[in-house]
Amino acid sequence: MANEGETNDTKSTTSKLHIFFFPFPSKGHTIPMIDMAKLFSSRGVKSTLISTPHNEPSFLRSIERTQKLGFDIGVVTVKLPLEKVGLPEHCQILDSTNSPDMINKYWMAIRMLDKQLEKLIKEHCPACVITDTFLPWTVDVAAKFGIPRLAFHGTSHFAMCALECTRLYKPHLNISSDSEPFVIPNFPGEITMTRAQLPDFIKEDTEFSKLYIEMMESELRSYGVIMNSFKELEPVYTDHYRDVLGRRSWRVGPVLLCNQDTEDKLQRGTRATIGEDSCLKWLDSREAGSVVYICFGSRTDFSASQLHEIAEGLEASRQPFVWVVKKDESVEEGKEEWLPQGYEERMQGKGLIIRGWAPQVLILHHKAVSGFVTHCGWNSTLEGITAGVRMVTWPVAAEQFCNEKLITEVLRIGVPVGAKQWMVKVGDSVESEKVEKAVKRIMIGDEAEEMRVRAIELSKIAKKAVEEGGSSHSDLTALLEELKSPKKVGCS
Ligand code: UDP
């Protein structure tokens with residue numbers, strides 16, 4: 001933990017504060033929430049994470065070292081009522097559902113957790129609940145007990161503001177085609193987007209849009225919002241979020257920096273499918289700053305033909321690479337449909353393919369790595385920023401096209417691969433030539449060097465933000481001070 005040596009001062013002033021941390025049960029949400037619970041516990045808070053029994057073992061593994069260091073952190077569980085909503089037992093995470101009907105049922109099961117949360121609050125009497133933005137109903141549960149609910153947003157202020165300004169002012173209704181750019185109204189920086197890049201829940205009335213509106217409304221009724229970001233990263237949009245959209249917010253990130261130890265980094269999310277040793281040994285054998293890391297988060301599911309294009313593009317770029325591909329258990333390794341003939345033999349020593357789950361933070365922070373092809377999920381984006389790498393942006397779904405704009409146009413530490421169409425999980429198709437060109441652009445030449453300098457500078461600022469006296473450290477101190485005052489009502 002970053003703050004093992006936290007001053008006794010901070011510890012004693014906050015020692016009585018007990019906070020519940022309730023993430024939405026999918027990797028992109030649980031990973032930063034667990035980091036945040038660890039971070040808070042390192043500042044003297046008693047942190048209790050709420051998990052489903054399915055996720056509990058990985059939660060416990062992630063916090064084991066923090067507990068051993070003597071910090072007060074634990075896990076309690078709530079059980080998804082899958083049977084009640086008509087879902088089979090294996091649908092413990094949203095990704096295991098495979099039809100719109102199943103997805104709706106999953107959301108129903110999530111919503112039905114309110115009584116279990118009430119019971120836990122009665123039993124444990126936390127002073128506050130920090131809950132995922134996907135759990136808007138928790139604001140009413142917290143209100144019943146007179147305790148504050150803080151919403152946790154796993155994205156950037158930039159993306160939040162861009163999506164909210166688009167949802168409220170609907171610029172996409174005044175253009176003639178999906179590919180015609182529009183300027184996001186009432187949003188700093190003259191940022192343009194196209195209708196094709198917008199999430200369907202912003203441009204259409206979907207089931208998720210109802211939830212999205214509820215999320216936005218519940219945020220305004222919440223005590224405030226916690227963001228995994230830092231002030232210096234996006235100051236204009238941080239102010240916009242507060243002054244124009246009216247949210248009280250605190251920035252406490254990058255929360256991943258609470259994982260200083262290799263074991264902590266290895267335990268984030270899921271145990272890696274490649275041994276730490278073989279992965280790091282491979283990277284150790286490469287020249288500093290020469291390797292590109294390619295990974296599209298926990299959910300993206302590219303087609304075999306798209307993976308084939310990526311393979312060819314990487315080979316043609318002639319840059320050493322580590323590439324994470326989802327494992328297909330039904331096919332023998334090396335015999336996958338997408339793998340070009342003789343590819344792994346040709347790439348021996350030049351490229352490493354990891355099938356399954358990679359220790360992403362360890363890899364990104366290795367000195368050999370200086371480029372990252374990313375789907376622009378916010379966790380990956382922040383991990384890339386913190387590691388000081390240049391990025392090829394390849395957004396797929398969610399708010400990722402907004403994060404692409406932040407990376408390429410505001411921070412100017414990356415270039416777009418050229419994905420144009422928002423698509424759930426499968427992604428827009430991109431040819432190998434575009435992959436090759438974008439990878440070369442971030443790794444070779446003057447433009448790449450300028451990006452490298454900016455990326456390294458930003459990573460230094462990110463690290464400073466969480467140090468004592470840094471902006472995120474101070475924001476957290478201010479929040480903890482404030483949370484000492486609210487009175488609990490109705491909690492026996
Ligand atoms: N991740 C990882 N290894 C993998 C794939 C993903 O450690 O092989 C982690 C990654 O470091 C990040 C998270 O999973 O913390 C993915 O979150 P993100 O917001 O980037 O994308 P999502 O999966 O939510 O689309």
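Only a predicted model underlies this, so the values are computations on that prediction, with no experimental measurement involved. (Residues numbered from 1 in each chain as written. Predicted model: local features only at pLDDT ≥ 70, side-chain atom pairs only at ≥ 80, totals over all residues. Heavy atoms only, no water.)

Enquirer: Which parts of the structure should I look at to understand the site of the ligand?
Expert: Around the ligand, 18 residues are found, and the nearest of them are S298, A358, N379, S380 and E383. Taken together, the elements giving at least two residues each to the shell around the ligand come down to helix 2 (27–42) and helix 17 (378–387). Top element by residues in the shell around the ligand is helix 17. It accounts for 4 residues. Considering only residue class, the shell around the ligand consists of 6 nonpolar, 9 polar and 3 charged. (Near = heavy atom within 4 Å. Helix = DSSP H or I, 4+ residues; strand = E, 2+ residues; numbered from the N terminus. Nonpolar A, V, L, I, M, F, W, Y, C, P; charged D, E, K, R; others polar.)

Enquirer: How should I be thinking about the sheet that holds strand 12 (residues 351–355) in this particular structure?
Expert: Sheet strands associate in pairs through backbone hydrogen bonding, adopting either a parallel or an antiparallel arrangement. Spatial ordering of the open sheet is given by 12-11-10-13-14-15, a layout of 6 strands whose pairing is parallel. Of all strands in the sheet, those bounded by a partner on one side alone are strand 12 and strand 15 (414–416). In this sheet, adjacent strand axes meet at a mean angle of 15° when their direction is disregarded. Pairing between strand 11 (residues 321–325) and strand 12: 5 bridges, direction parallel. Note on strand 12: the bridge partner recorded for V325 is R355. Its contacts with the sheet place helix 19 (residues 432–443) against strand 10 (291–295), strand 13 (369–374), strand 14 (390–393) and strand 15, and it is angled at close to 160° to strand 14. (Pairing = 2+ DSSP bridges. Axes fitted to C-alpha atoms, helices over the stretch in contact; angles between N-to-C directions. Contact = heavy atoms within 4.5 Å.)

Enquirer: What is the right way to read the packing of aromatic side chains from this model?
Expert: Two aromatic rings, taken as a pair, are described by how far apart their centres are and by the angle between their planes. According to the stated counting rule, one finds 20 aromatic pairs in the structure shown. Residues Y293 and F372 carry aromatic rings whose centres are separated by 5.4 Å and whose planes lie at 35° to one another, so their mutual orientation is tilted. Taken together, the residues span a long stretch of sequence, with Y293 in strand 10 and F372 in strand 13 at a distance of 79 residues. Of the two residues, Y293 and F372, both sit in the buried class. When the centroid spacing of 5.4 Å and the interplanar angle of 65° are considered together, the rings of W323 and W338 count as edge-to-face. Of this pair, W323 sits in strand 11 while W338 is found in the loop between strand 11 and helix 15 (343–346), placing the two residues 15 residues apart along the sequence. The residues W323 and W338 share a single accessibility class, namely buried. The ring of Y223 is capped by R248, whose NZ or CZ atom sits 5.2 Å from the centre of that ring. (Phe/Tyr/Trp six-rings, centres within 6.5 Å; stacked < 30°, edge-to-face > 60°. Buried < 20%, exposed > 50% of the residue type's maximum accessible area, 1.4 Å probe, protein only. Lys NZ or Arg CZ within 6 Å of the ring centre and 35° of its normal.)

Enquirer: What should I look at first to understand the sheet that holds strand 8 (residues 224–227) in this one?
Expert: The sheet built from 7 strands is open, its strands ordered 3-2-1-4-5-8-9 with parallel pairing. At either margin of the open sheet sits one strand with a lone partner, and together these are strand 3 (73–77) and strand 9 (249–251). Averaged over all neighbouring strand pairs, the angle between strand axes comes to 25°, with direction disregarded. As judged from the 4 bridges shared by strand 1 (residues 18–22) and strand 4 (residues 128–132), these two strands associate in the parallel manner.

Enquirer: What is the right way to look at helix 8 (residues 157–169) in this model?
Expert: For helix 8, built from 13 residues, the straight-helix expectation of 18 Å at 1.5 Å per residue is met to within 8% by its first-to-last C-alpha distance of 18 Å. Of all the 13 residues making up helix 8, 11 are buried; the element is thus mostly covered by neighbouring parts of the structure. Burial in helix 8 covers these residues: H157, F158, A159, M160, C161, A162, L163, E164, C165, T166 and R167. Following helix 8 by one or two positions, K170 adopts a phi angle in the positive range, close to 50°. (Expected span 1.5 Å × (residues − 1).)

Enquirer: Just checking my understanding: could you explain the confidence of the model for the chain for this structure?
Expert: Detailed reading of predicted coordinates is not advised where the pLDDT is low. Looking at the chain as a whole, its pLDDT mean stands at 92, while 95% of the residues score no less than 70. pLDDT under 50 marks residues 1–14. Its contacts with residues more than four places away, or in other chains, come to 33 contacts. Both confidence scores are given for the complex: pTM 0.94, ipTM 0.99. (pLDDT = per-residue confidence, 0-100.)

Enquirer: How do you make sense of the nonpolar core when you look at a structure like this?
Expert: F187, L283, Y293, V322, W323, I363 and W394 are the most contacted members of the largest nonpolar core, which totals 126 residues. Composition of this core by domain shows at least three residues from each of domain 1 (18–258 + 465–484) and domain 2 (271–463). Other than its neighbours up to four places away in sequence, I363 contacts C279, L283, Y293, V322, I354, A358 and V369. Of all hydrophobic cores here, the second largest spans 29 residues; its members include L17, F152, W250 and L483. (Core = buried A, V, L, I, M, F, W, Y, C linked by side-chain atoms within 4.5 Å. Domains from an automatic or database assignment.)

Enquirer: Any chance you could explain the pattern of salt bridges here in plain terms?
Expert: As a working rule, side chains carrying opposite charge can pair if their charged atoms are close by. Under the counting rule described, the total for this entry stands at 33 salt bridges. A salt bridge links R221 to D140, with the nearest nitrogen and oxygen atoms 2.9 Å apart. Separated by 81 residues along the polypeptide, R221 in helix 10 (residues 207–221) and D140 in helix 7 (residues 138–144) bring together distant segments of the chain. Since its relative accessible area comes to 39%, D140 is described here as partly exposed. R167 serves as the salt-bridge partner of E164, at 2.7 Å between the closest nitrogen and oxygen. Placement of the pair is E164 and R167 together in helix 8, with a separation of 3 residues, close to one helical turn. Accessibility assignment for this pair places E164 and R167 in one class, buried. (Salt bridge = Lys/Arg side-chain N within 4 Å of Asp/Glu carboxyl O.)

Enquirer: Which parts of the structure should I look at to understand unusual backbone geometry?
Expert: Both trends apply: most residues other than glycine have a negative phi, and most peptide bonds are in trans. That bond from G253 to P254 is cis: its omega, -5°, falls within 30 degrees of zero. As for its position among the elements, P254 is in the loop between strand 9 and helix 12 (262–266). Even without a glycine there, the phi angle at K170 is positive, about 50°. The residue K170 is located in the loop between helix 8 and strand 6 (182–183) in this model. With a phi angle near 70°, C376 is a residue other than glycine that sits in the positive phi range. We classify C376 as buried; its relative accessible area is 0%.

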